[in-house]
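Each chain is listed here by its residues.
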Amino acid sequence: MGYKTIVEDDIDVLITGAGMAGTGAAFESRYWGKDKKIVIAEKANIDRSGAVAQGLYAINTYMGTRFGENNPEDHVRYARMDLMGMVREDLLFDMARHVDSAVHQFEEWGLPLMRDPKTGAYQREGRWQIMIHGESYKPIVAEAAKKSADKVFNRICVTHLLMDDAKENRVAGAVGFNVRTGDYHVFKSKTVVCAAGGASNIFKPRSVGEGAGRVWYAPWSSGSAYGLLIEAGAKMTQMENRIVLARFKDGYGPVGAYFLHLKTYTQNGVGEEYESKWFPELSKMVGKEYLDTEGQHLSHKPIPTCLRNHAFINEVNAGRGPIHMVTMEAFQDPHLEEIGWHNFLGMTVGQAVLWAATDVDPKYENPELTTSEPYVMGSHATGCGAWVSGPEDIAPEEYFWGYNRMTTVEGLFGAGDAAGGTPHAFSSGSFTEGRLAAKAACKYIDDGKAEGIKVSQEQIDKRGKQIFKPMEHYKIYRNEITAGSVNPNYINPRQGLDRLQKLMDEYAGGVTVSYMTNDKLLNIGLKKMKMLEEDLEKIAAEDIHELLRAWELKHRQLSSEAVLQHTLFRKETRWPGYYYRGDAMKLDDQNWHVLTVSRRDPKTGEYTMEKAPCYHLVSDEEEKVA
Amino acid sequence: MPTFVYMTRCDGCGHCVDICPSDIMHIDTTTRRAYNIEPNMCWECYSCVKACPHNAIDVRGYADFAPLGHSVRVIRDEEKGVIAWRIKFRNGKKDMNLLAPITTKPWGTAIPKLSEESAPSKDMTDSQLLFNEPKYIRLDEGGLHTLESNGLKMKEGVYY
Ligand SMILES: Cc1cc2nc3c(=O)[nH]c(=O)nc-3n(C[C@H](O)[C@H](O)[C@H](O)COP(=O)(O)OP(=O)(O)OC[C@H]3O[C@@H](n4cnc5c(N)ncnc54)[C@H](O)[C@@H]3O)c2cc1C
Ligand code: SF4
Ligand code: SF4
């Protein structure tokens, strides 16, 4: 290929992906690494990239310790409850104790945070959420990152991590290509903070054809945070914990502010409250610790998000759909009506477009809700991601190998969607995790852990060839056929994506099977996944843009295989409403009150699965009771 | 489409190409104007719409569920720090104008240049604190939360 090779050497901290976590990492690493070389490699333009590209109307994680609202452990208990016990509490506590400082910075930088006129505290949407005018949230944090980094490379799709040739299992940088010029980029670096975001589009979306991009998580969230790490042999956790979201139908408009601030509520197709009637039966399936139908009014334990989905899904399957959001009452108040619309415009414009197109005025008509296709991510109400080390003053031995947020590959850190077991981080928590990872990365270098890193020319050449292979493949075989996209020697990225989505949907518990799967289905899925993996060796890219889609697909494929492996390993239905194991419908705390951990051998592609203990934070009083 | 470009308004400046997070706004080599090369990977995020200096880009809702005849337009004014929206319903019954702030400070002015901050002390480096902490955590005298300060222990396999 006639593309140039561009080598960026002597980098100290390389940040791959600069969404919320990556911008946080860039900003913070400049403070701890004043003389260090900090470089960002981002697939899009950091001013508008990642899940926050179009903005947000709420910051979902803010303790408010300053206003006497919550302490970090309160948030840990909440996240633990919401995730049916399965979280890394050391990481959660750590994120929660730092998150307020990130939010206070955002306000100082110019992000408009709303305030409660009576108390002077930030305007709360719910116990953990505060309301913002966040259309420009991403450009604001991007400014901070740009001010801090030595260099920002936009439009670089990172495809692989570089590994140290001198020491096994140590990272040495990353490679990728520029999606505009086609140039091959080599970044040699002492440490890497992987912040390349979660995965949309690995399950078949409800939208079809032209609308296929209307997914809840951004269509450019290509699971690269997982693909890059899995391929490098990093251990992963909780990959079975995919999330299904209840959202406004088709547009996937957010419901948080509607429920929490506007005080809207849901009804089934015949106008009844339906949620509570599914809970008694469900509490037999999951146990009283997680859903106490009698004691809920006393304990005030929140009902886990997945269990609410369970009620929704079952009601619809019983023929009493659609589920409606009752907006007609709240929207009579013009102030609340305006907030309702702003909420979309600030983060999911597509929903406003849809209501305008279909003449749905929520003031006079209660709009429909839906449950989405599943997503794989680590920062929302779900905790997929890498198995990372915890903070030194909190993490127990099994969770600790020296550097906060370092994966099991030396010098390689994860934050945001990339870090596993830390749900409910959201935007502010992801940014905070980026900061924590960056400080640890600088310390790792200062401790001399990155001495003597070597990257052989052979490794660089091998990766270079691999990256451009889809374009070579296209050139060689396209003339075998007259025209069109049907070729016996290759598939294109869209065809591959369709195949992946169909496979995941039908075998791993997507929408069309009502989120249901079992041992047999998962095994068939794995077999077909292997064949898809083989075919991806023969994927063809017509141009550089298609090459981008080809690599996104490879990262999605690696993420998906991990989802299948993990779902097969956990022989229980831990999160009814996110997925069901039809052959193990009950939650089984005897055997499965554990975190699942996997590793894919980078040489053979073989998976090994293990269980890791679940440590819970308890106060002195709780300990006495226990 | 979902985004599309009006032929008469676009001058091929490339701002939309520069910003689209999905890499799907490209300049057509014959007309030298921008277009959406892959509508089924468009999120309707409006990043390109907001970036276009000539208001040449518009959105037509996704064909698989959105009927024709609606419009959601936007103007983002960085100087004034506001964003203005206009939403018109298909049946013409609703036509809304909405305005919101996007920043409280002129762009970038309030973000510290960390290379100009004094270097962190050894104590800071060894502690669990991040830049500007503990001050920024509570904005008062309160320090960083630890397990000890909050009376907590890590216990294996414990339910609440
Ligand atoms: C519709 C919606 C509503 C939400 N609502 C809220 C809310 O109200 N409040 C809240 O706090 N949070 C909300 N969130 C969640 C929040 O946006 C995420 O938790 C957060 O953005 C995750 O941060 P991240 O850095 O891990 O990923 P991202 O912010 O997605 O960043 C990933 C970055 O990596 C880049 N990248 C990907 N692949 C590659 C590659 N191969 N090479 C180079 N770069 C790559 C991407 O371009 C992107 O910039 C919402 C999310 C969505 C989608
Ligand atoms: S709306 Fe967003 S995804 Fe669609 S073309 Fe514009 S910038 Fe790209
Ligand atoms: S930003 Fe507007 S004028 Fe410039 S190329 Fe894009 S559509 Fe054309």
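What you see is a predicted model; the values in this text were computed from it and never measured.

Reading the values: rules and limits
Residues numbered from 1 in each chain as written. Chains lettered and ligands numbered in written order. Predicted model: local features only at pLDDT ≥ 70, side-chain atom pairs only at ≥ 80, totals over all residues. Heavy atoms only, no water. Contact = heavy atoms within 4.5 Å. Buried area = accessible area lost by both parts, 1.4 Å probe. Salt bridge = Lys/Arg side-chain N within 4 Å of Asp/Glu carboxyl O. Polar contact = N/O pair within 3.5 Å; in protein donor to acceptor, adjacent residues only side chain to side chain. Helix = DSSP H or I, 4+ residues; strand = E, 2+ residues; numbered from the N terminus. Pairing = 2+ DSSP bridges. Expected span 1.5 Å × (residues − 1). Buried < 20%, exposed > 50% of the residue type's maximum accessible area, 1.4 Å probe, protein only. Axes fitted to C-alpha atoms, helices over the stretch in contact; angles between N-to-C directions. Parallel < 35°, antiparallel > 145°, perpendicular 65-115°, else oblique. Left-handed = near helix turned anticlockwise from the far one by under 90°. Nonpolar A, V, L, I, M, F, W, Y, C, P; charged D, E, K, R; others polar.

Caption draft 1: The arrangement of the interface of chain A and chain B in detail. Listed per partner, the contact involves 111 residues of chain A and 93 residues of chain B. Taking both sides of the interface into account, the surface hidden between chain A and chain B amounts to around 9,300 Å²; carbon and sulfur atoms contribute 60%. The three residues of chain A that bury the most area against chain B are Tyr31(A), Lys147(A) and Glu210(A), which together make up 8% of that side's buried surface. Run the count over chain A and chain B and you get seven salt bridges. Here Arg76(B) makes a salt bridge to Glu135(A), at a shortest N to O gap of 3.0 Å. Counting across the interface, chain A meets chain B through 48 residue pairs in polar contact (both at pLDDT 80 or more). Looking at which element gives the most residues to the side of chain A that touches chain B, the answer is helix H3 (residues 89–109) of chain A, with twelve residues.

Caption draft 2: Quick peek at the sheet that holds strand S19 (residues 607–613) of chain A. Residues and elements named next belong to chain A. The four strands are arranged S14-S9-S18-S19 in an open sheet whose pairing can be described as antiparallel. With one partner strand each, in any of the chains shown, strand S14 (385–386) and S19 form the two edges of the open sheet. The pairing of strand S9 (residues 236–237) with S14 spans two bridges and is antiparallel. In the sheet register, Met236 faces S14, and the bridge partner there is Ala386.

Caption draft 3: Structural view of helix H10 (residues 334–347) of chain A. Residue and element names in this part refer to chain A. Compared with an ideal rise of 1.5 Å per residue, which puts 14 residues at 20 Å, H10 spans 20 Å between its outermost C-alpha atoms and is within 8% of the ideal. When H10 is considered as a whole, its buried residues turn out to be Leu336, Glu337, Ile339, Gly340, Trp341, His342, Asn343, Phe344, Leu345, Gly346 and Met347. The distance from a side-chain oxygen at the start of H10 to the backbone nitrogen of His335 is 2.9 Å, and the residue carrying that oxygen is Asp333.

Caption draft 4: Local environment of the packing of helix H15 (residues 519–536) of chain A against helix H16 (residues 544–569) of chain A. Residue and element names in this part refer to chain A. Running from amino to carboxyl end, H15 crosses H16 at an angle of 160 degrees, the nearest separation of the two axes being 10 Å. Considering the angle they form, H15 stands roughly antiparallel to H16. In this structure, H15 crosses over H16, and the sense of that crossing is left-handed. Facing H15, whose interface residues are Asp519, Leu522, Asn523, Gly525, Leu526, Met529, Lys530, Leu532, Glu533 and Leu536, H16 presents Leu553, Lys554, Gln557, Ser560, Glu561, Leu564, Gln565, Thr567 and Leu568. Classifying every residue of the contact of H15 with H16 gives eight nonpolar, six polar and five charged.

Functional significance is not addressed by these values, which are geometric in nature.
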